[in-house]
Amino acid sequence: MSADRETNQTMTDRDIALLLADAADEVEIGIAPYQAVIRGGRRRRARRWALATAAALVIVGGSGTLALAGLRDGNGVEVSPAVKQQSTEPLTPEERNVYEPQGTVIGIGDIGGKEWQITVDVWGAPRTEGEAWAQLQRMKAFGEVPVDASKSSQLVGKYSFFARRTIGDGKESVLTENSVDTKDRMAGTDLESVALSLDPKHTTPQRLVIGQVAKTAQEVTCSWKDGSSTVARRVAEGADVNSDESAIRPVAGSPSDWFVCVGPEGTTFDSVKVTK
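As the structure is a computational prediction, the values presented were derived from the model and not from experiment.

As for the nonpolar core
Taken as a class, soluble globular proteins show a tendency for nonpolar side chains to be buried jointly. Ranked by size, the top nonpolar core spans 18 residues in total, and within it Trp 116, Val 120 and Leu 208 carry the most contacts. Contact partners of Val 120, with chain neighbours within four places excluded, come to Gln 102, Gly 103, Thr 104, Ile 106, Phe 161, Phe 162, Ala 163, Val 251 and Trp 258. In terms of nonpolar packing, the next biggest core, distinct from the first, is built from 13 residues, Ala 217, Trp 224, Ala 232 and Cys 261 among them.

Shown next, in the form of structure tokens:
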């Protein structure tokens, strides 16, 4: 540091920030209170980003915790700090759909002159036992209680899904359901599926397959006992659901995408896999 800087009382906050930033390279910096900016080995990159947006990294006490400080320019005019990093994750249970599920229609078609429809309901993950207890009461009202949740605390940190089918004006029935830890994510060719009959009494062949795949999956191929196959390809979010369409589509609230395969009449399910 020059003698002039040591005695200059008009030294700007920017000068101080730069000195602190240089000093920070010699200090092991602890966890920042804005983790959306600093993650793992990107500490130095995050420091440069903060300085470039008119904020300085300030070392507080001996813990190495970081804070944002406002700056003044060379004329002593205060520069507004960078806009605080806003989390994009909803905060309230209502915003996270803890007490009301999000429903998405993933397939429709016709069987014997009656329309069939497949809907997936997704409940957001409770963060506390209180949220979980209230969610379970709402699930009971919806008729969507997870079979493996003997007590509400088992729902904490898990999202729950229920795939439902309706045929004609008949009663909805749950085809498959589960509660999944939010940290569990599908990848690559991961696939979970169920094959079923379009007849509510299950007297006809299983020619409808529904399931989940990773968001990177572009194509699912369902094979049938007669040697034929049906390819479900990805469609854009918000695309219309067409009758007897085989497709992969996003489902609101689900970290995985869902697919529907519809087989030809007179045959039954053989196998299914992600093919692209």
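Quick look at the environment of Ser 193
By the secondary structure assignment, Ser 193 is in strand 9 (residues 191–197). Among the residues examined, Ser 193 registers a relative accessible area of 38% and is labelled partly exposed. For the pair Ser 193 and Trp 258, spaced 65 residues apart in the sequence, the C-alpha separation amounts to 9.3 Å. Once you skip the residues sitting within four places of it in the chain, Ser 193 turns out to touch Val 209, Ile 210, Gly 211, Phe 259 and Val 272.

Topic: a negative patch on the surface
A cluster of like negative charges, contributed by Asp 110, Glu 115, Asp 244 and Glu 265, occupies part of the molecular surface. Mapped onto the secondary structure, Asp 110 falls in strand 5 (residues 102–111). Classification of Asp 110 as partly exposed rests on a relative accessible area of 41%.

Examining the pattern of salt bridges
This model, assessed by the stated rule, comprises nine salt bridges. Measuring nitrogen to oxygen at the nearest pair gives 2.9 Å for the salt bridge that ties Glu 144 to Arg 164. A residue pair is termed long-range when its members are at least 10 positions apart, and Glu 144 in the loop between helix 4 (129–142) and strand 7 (158–167) and Arg 164 in strand 7 qualify at 20 residues. For the pair Glu 144 and Arg 164, one class covers both residues: buried. Two residues, Asp 257 and Arg 234, come together in a salt bridge whose shortest N-O distance is 2.5 Å. In this pair, Asp 257 sits in strand 14 (residues 257–262) while Arg 234 sits in strand 12 (residues 229–234), placing the two residues 23 residues apart along the sequence. Residue Asp 257 is classed as buried on the basis of its relative accessible area, which comes to 2%.

What to know about unusual backbone geometry
In this structure, Asn 97 takes a positive phi of about 60° despite not being glycine. You can see Asn 97 is positioned in the loop between strand 4 (78–79) and strand 5. What makes Asn 97 buried here is its relative accessible area of 19%. Here the phi dihedral of Asp 244 falls at roughly 55°; this positive angle occurs in a residue that is not glycine. Inspection of the secondary structure puts Asp 244 in the loop between strand 12 and strand 13 (247–249).

A closer look at the side chain of Thr 166
Note that Thr 166 resides in strand 7. Sequence-distant contacts of Thr 166, defined by excluding residues within four places in its chain, comprise Glu 115, Trp 116, Gln 117 and Glu 172.

A word on the environment of Ile 210
As for its position among the elements, Ile 210 is in strand 10 (residues 206–213). The spatial distance from the C-alpha of Ile 210 to the C-alpha of Ile 106 is 8.9 Å, given a sequence separation of 104 residues. Residue contacts for Ile 210: discarding those within four places in its chain leaves Ile 118, Ala 163, Leu 175, Thr 176, Glu 192, Ser 193, Val 194, Leu 196, Phe 259 and Val 260.

Parameters at a glance
Residue numbers run consecutively from 1 along every chain, following the written order of its sequence. A pLDDT threshold of at least 70 governs which residues receive local features in this predicted model, and a stricter bar of 80 or more applies before side-chain atom pairs are shown or counted, although totals over entire chains, interfaces and linings include all residues. Derived side-chain values reflect all non-hydrogen atoms in the structure, with water molecules and hydrogen atoms excluded from consideration. Remark: nonpolar core denotes a set of buried residues (Ala, Val, Leu, Ile, Met, Phe, Trp, Tyr, Cys) joined through side-chain atoms within 4.5 Å. Buried, partly exposed and exposed residues are distinguished by accessible area as a fraction of the type maximum, computed with a 1.4 Å probe on protein chains only: under 20%, between the cut-offs, and over 50%, respectively. Note on contacts: a residue pair qualifies if any of its non-hydrogen atoms lie within 4.5 Å across the two residues. For the purposes of this entry, the term helix denotes a DSSP run of H or I that reaches at least four residues, the term strand denotes a run of E that reaches at least two, and both are numbered from the N terminus. Residues enter patches when they are more than 30% accessible in relative terms and free of salt bridges; like-charged ones are connected within 9 Å and nonpolar ones (Val, Leu, Ile, Met, Phe, Trp, Tyr) within 5 Å. For every accessible area listed, the method is Shrake-Rupley and the probe measures 1.4 Å; residues are considered covered only by the protein chains on display. Any Lys or Arg side-chain nitrogen located within 4 Å of an Asp or Glu carboxyl oxygen qualifies as a salt bridge. Two residue types count as positive, namely Lys and Arg, and two as negative, namely Asp and Glu; His and chain ends fall outside the count. Charged side chains are reduced to one point each, which is NZ for Lys, CZ for Arg, CG for Asp and CD for Glu.

The values are spatial; any link to function lies outside them.
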